[in-house]
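Listed below are the residues making up each chain.
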Amino acid sequence: MATKANIEEHKNVWVFAEQNNGKLAKVSLEMLGEGRKLADKLGVELAAFLIGDNVKTSAETLIAYGADKVFLAEDPELKEYRTELYTDIICKKALEEKPEILIIGASAIGRDLTPRVSFRLNTGCTADCTELDIDEEKRLLVSTRPAFGGNVMATIICPEHRPQMSTVRPGVMAVPEADASRTGEIITVPVEIKPEEIKVRVIESNEKEHEGEKIEDAEKVVGIGIGASDPESVEYVKELAKVLGAKIGGSRPCVEKHIIPHEVQVGQTGKNIRPELYIPCGISGTVQHTTGITNAKYTIAINKDPNAEIFKFANLGIAGDAKVILPAIIKEIKKYKA
Amino acid sequence: MKIIVTIKQVPNVTKVKWDADGSLIRAGLPTIINPVDKHAIEAALELKEKHGGEVIVISMGPGQVESALREALCMGADQAIQLTDRKFAGADTWATSYALGCAIKKIGDYDLVISGVEAMDGNTAQVGPQMAEFLGLPLLSYALGIESDGKKVQIQQKLGDFERKIEADFPALVTVEKEINEYRVTPMDKILEAFEKEIPVWEADDVDAELVHLGLKGSPTKLRKVFSPKIEKGKVQMLEGTPEEIARQVADKLNEKFLI
């Protein structure tokens, strides 16, 4: 790592634009919105980096969502995501173009790709940030992430290496408005993949079938925490979700106790939700959980402890036992619906 | 088949303290092997049982990581190596991957490196992919299943919404998810054996690591500050009354907001 970057040479903000089977990942649009803000603060250009096979139409979309430039790398060998091939392409171009910031959505692909890119570019990467900002005086990217089990937040900088890299989990940032009248430049990145460079072979790739709607897209979510994890409370949570037409999510301890699957864990190591209505039941409200719920529009929290942190994130608070409160609420909602 | 497993010892509490530099104070905290790393050890042991060979476990950390390595030996690892040197202290993921990578190079002549996807304290999931880059190895991440014919490795990969089957020739680096296996309960005879084994302690010089890349100084990322999140207080309206009265207020509010 010894080689520190010549910082003045580095300019512009880059966003990695992830696509799967030609479909842009929503998190990449979220990153474009965030990248646009960073680029405007710095007074520089925003570029998106798009890799795949026959994905040029997505380049126009990236411009509509805020990119000034799109670096486009296409090759039949790039149809399936592969860490090393993507790393080679991004790093080669980054060494030529010298961006000062590179931000990437912390999807499965983003979390696989980013560390390898950052190591090769001799630079640091802050994972799973919840906030990105610019220190305008020092012209530095300031990344905030929950640290150590999520009880505290840490701000992290990368003062002497470039590009400054950060990842942000899906759902943390909003998707910006598209503007079809925006114009931008599409720059073809030459791709030459030698057979001996292909070290990972993709034998099979199947998109998993989802049981209905994903929790991160759900309009209503009922959350289960350890305080409502007894069988009786769990049944009431299920019934409440049913009468509301809500998805059930929950805290990490409930995943560890196998009460809910990991796919619906809400928080720093789970999903970020942005529902119209969120009803956390028996969730105390550690930072681990609450980083995933800050975008909920209306929150009704139920917890036995009147001083629980979760109430600080709620519009309505109920200090009480979920298994006493929930049946009463279910009954009242049913009356309204009758 | 020679398999190297990298493990991390993590504090087993949620209340932690930080020193003036913002570094974590680890002393005095109860510690465990990062849970998913136990699945990495198990995956290595199962491959060894099928194909023969050896499993070497390494861990970087203060003197107390010996207990984690001892536990790995109890599970059945053949050898454990401890990376302990003040020069490693305060490392971010870059400098951690570099130091572990140097140790793996020093061991040499391996077929597979296996680690857990991420550590439960930092949750960055960066060290596996970064070690793969440092060592020039193909990366096979998020393994839900692992198979080998002794020349190449194939995994079932959980890649977000996709499940893939991918493979690479040896040597390669695999990161595993906890769903990959159930790790074993330590057999009694192994425990006795494990406590007789010596665990060599390697310092920075032993693994030919360059000082400039190590520890806090070798870390590109710097912690600027640690803080408790500020929360808008006083926004919440606490509901009072009997459960029935509370329920009625809730239902009224939901109706008013067109949520039912």
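Quantities reported herein were computed from a predicted structural model and do not represent experimental measurements. (Residues numbered from 1 in each chain as written. Chains lettered and ligands numbered in written order. Predicted model: local features only at pLDDT ≥ 70, side-chain atom pairs only at ≥ 80, totals over all residues.)

Brief notes about the overall build of chain B
- Scanning chain B for helices and strands turns up six helices and 15 strands.
- In chain B, which comprises 260 residues, the share counted as buried stands at 49%.
- In chain B, of all internal contacts separated by at least 6 residues, the share reaching a separation of at least 24 is 70%. (Helix = DSSP H or I, 4+ residues; strand = E, 2+ residues; numbered from the N terminus. Buried ≥ 20, exposed ≤ 12 C-beta atoms within 10 Å, placed from the backbone. Contact = placed C-beta atoms within 7 Å.)

Describing the sheet that holds strand E8 (residues 131-135) of chain A
- Taken in spatial order, the four strands make up an open sheet running E8(A)-E9(A)-E10(A)-E14(B), and their pairing is antiparallel. Either end of the sheet is taken by a strand with one partner, and the two such strands are E8 of chain A together with strand E14 (222-227) of chain B. The sheet shows a mean angle of 30° between the axes of neighbouring strands, taken without regard to direction.
- Looking at chain direction, E8 of chain A and strand E9 (residues 140-147) of chain A are connected through five bridges and run antiparallel. Opposite Asp133 of chain A, over in E9 of chain A, you have Val142 of chain A as the bridge partner. (Pairing = 2+ DSSP bridges. Axes fitted to C-alpha atoms, helices over the stretch in contact; angles between N-to-C directions.)

Observations regarding the packing of helix H4 (residues 108-120) of chain A against helix H4 (residues 127-135) of chain B
- Across the interface, H4 of chain A lies against H4 of chain B with an axial gap of 8 Å and an inter-helix angle of 45°. Taken together, the axis directions place H4 of chain A and H4 of chain B in an arrangement best described as oblique. Considering only the axes of H4 of chain A and H4 of chain B, their crossing is right-handed. For the pair H4 of chain A and H4 of chain B, the contacting residues are Asp112, Pro115, Arg116, Phe119 and Arg120 of chain A in the first and Pro129, Gln130, Ala132, Glu133 and Phe134 of chain B in the second. (Parallel < 35°, antiparallel > 145°, perpendicular 65-115°, else oblique. Left-handed = near helix turned anticlockwise from the far one by under 90°.)

A closer look at the confidence of the model for chain B
- Here chain B averages 92 in pLDDT, and 92% of its residues register 70 or above.
- Per the prediction output, this complex has pTM 0.86; the corresponding ipTM is 0.89. (pLDDT = per-residue confidence, 0-100.)

As for the domain arrangement of chain A
All names here are of chain A.
- Along its sequence, chain A is carved into domain 1 (7-197) and domain 2 (215-337).
- One C-alpha centre belongs to domain 1, the other to domain 2, and the line joining them spans 33 Å.
- Listed as interface residues are eleven residues of domain 1 and, on the opposing side, eleven residues of domain 2.
- In terms of residue class, the side of domain 1 that touches domain 2 is made up of four nonpolar, five polar and two charged. (Domains from an automatic or database assignment. Nonpolar A, V, L, I, M, F, W, Y, C, P; charged D, E, K, R; others polar.)

Thoughts on the interface of chain B and chain A
- Contacts between chain B and chain A engage 66 residues on the former and 71 residues on the latter.
- If one sorts the elements of the side of chain B that touches chain A by residue count, helix H6 (residues 243-256) of chain B sits on top with ten residues.
- Per-class residue counts for the side of chain B that touches chain A are 33 nonpolar, 16 polar and 17 charged.
- Bridging between strand E18 (residues 316-319) of chain A and strand E15 (residues 237-238) of chain B involves two bridges; their strand directions are parallel. Counterpart to Leu316 of chain A in the pairing with E15 of chain B is Gln237 of chain B.

Notes on the sheet that holds strand E11 (residues 162-169) of chain B
- Taken together, the ten strands give an open sheet; going across it, the order is E13(A)-E11(B)-E10(B)-E9(B)-E12(B)-E8(B)-E1(B)-E6(B)-E7(B)-E13(B), and neighbouring strands pair in mixed fashion. Both edges of this open sheet fall to strand E13 (201-207) of chain A together with strand E13 (201-202) of chain B, since each of them pairs with a single strand only.
- Of the pairings in the sheet, the one linking strand E1 (residues 2-7) of chain B to strand E6 (residues 54-60) of chain B comprises six bridges and is parallel in character. Residue pairing for E6 of chain B: Thr6 of chain B is matched across the bridge by Ile58 of chain B.
- Against the sheet, helix H2 (residues 65-75) of chain B contacts E1, E6 and strand E7 (79-83) of chain B, and its axis sits at roughly 165° relative to E7 of chain B.

Focus on the nonpolar core
- Ranked by internal contacts, the top residues of the largest apolar core, which has 129 residues, are Leu50 of chain A together with Ile41, Val57, Ala99 and Val174 of chain B.
- The biggest single contributor to this core is helix H3 (residues 93-107) of chain B, with eight residues.
- One finds Tyr236, Ile318 and Ala322 of chain A together with Leu239 of chain B within the second-largest nonpolar core, a separate group that totals 51 residues. (Core = buried A, V, L, I, M, F, W, Y, C linked by C-beta atoms within 7 Å.)

Here we look at the packing of H2 of chain B against helix H5 (residues 188-196) of chain B
Residue and element names in this part refer to chain B.
- Running from N to C, H2 and H5 point in directions that differ by 135°, and their axes come no closer than 7 Å. Between H2 and H5, the interaxial angle falls into the category oblique. Here the hand of the crossing between H2 and H5 comes out right-handed. Here Arg70, Leu73 and Cys74 of H2 lie close against H5, whose contacting residues are Lys190, Ile191 and Ala194.

Some words on helix H5 (residues 231-244) of chain A
All names here are of chain A.
- Its 14 residues place the ends of H5 20 Å apart at the C-alpha level, agreeing with the 20 Å of an ideal helix rising 1.5 Å per residue.
- Here H5 has its buried residues at Ser233, Val234, Tyr236, Val237, Leu240, Ala241 and Leu244. In an axial view of H5, the angular spread of the buried residues amounts to 160°, which keeps them on one side of the axis. When the buried face of H5 is taken as reference, the exposed residues oriented beyond 90 degrees from it are Pro231, Glu232 and Lys242.
- Buried-residue contacts for H5 involve strand E14 (220-224), strand E15 (247-250), strand E16 (277-281) and helix H8 (322-337).
- Where H5 ends, the next residue or the one after it, Gly245, has phi of about 70°, a positive value. (Expected span 1.5 Å × (residues − 1). Arc of directions from axis to C-beta.)

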